[in-house]
Amino acid sequence: KMHGTGTFKSAGGAEYEGEFKDNKYDGHGTYRWTDGAMYDGAWKEGKMHGEGCYTDPDGVAWKGTFYAGRYYNGKAYLAL
């Protein structure tokens, strides 16, 4: 069971480094997708949740508040 701080590498090559709780990303952590995208920030129950920064494969950064895996731009929640 993943609990505490550590690194998880998926079979597909993605990698998460940070805090775990009950086998889920929970707390602060960094996730790197194989396409070059990255998220560094708060996690809750396996989803981006709280303050963080998602950088897409083209290098465009989306910094701010995330809720249940979606970026909040002040008006609407966007799936990235």
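Residues numbered from 1 in each chain as written. Predicted model: local features only at pLDDT ≥ 70, side-chain atom pairs only at ≥ 80, totals over all residues. Heavy atoms only, no water.

Asks: Give me the lowdown on the overall build of the protein, citing residues and values where you can.
Replies: From N to C terminus, the protein includes 0 helices and 8 strands. Ordered by position from N to C terminus, the α and β elements of the protein give β-β-β-β-β-β-β-β. Taking 12 Å as the expected radius of gyration for a compact globule of 80 residues, we find that the protein reaches 12 Å, a close match to that expectation. Along the three orthogonal principal directions, the C-alpha set of the protein runs to about 40 × 25 × 15 Å. (Helix = DSSP H or I, 4+ residues; strand = E, 2+ residues; numbered from the N terminus. Rg over C-alpha atoms; globule rule 2.2 N^0.38 Å.)

Asks: Before we move on, can you summarise the environment of Tyr-67 with the specific residues and values?
Replies: Along the chain, Tyr-67 falls in strand E6 (residues 61-67). Using a relative accessible area of 47% as the deciding quantity, one classes Tyr-67 as partly exposed. Distance from Tyr-67 to Ala-79, taken between C-alpha atoms, is 9.9 Å for residues 12 residues apart in sequence. (Buried < 20%, exposed > 50% of the residue type's maximum accessible area, 1.4 Å probe, protein only.)

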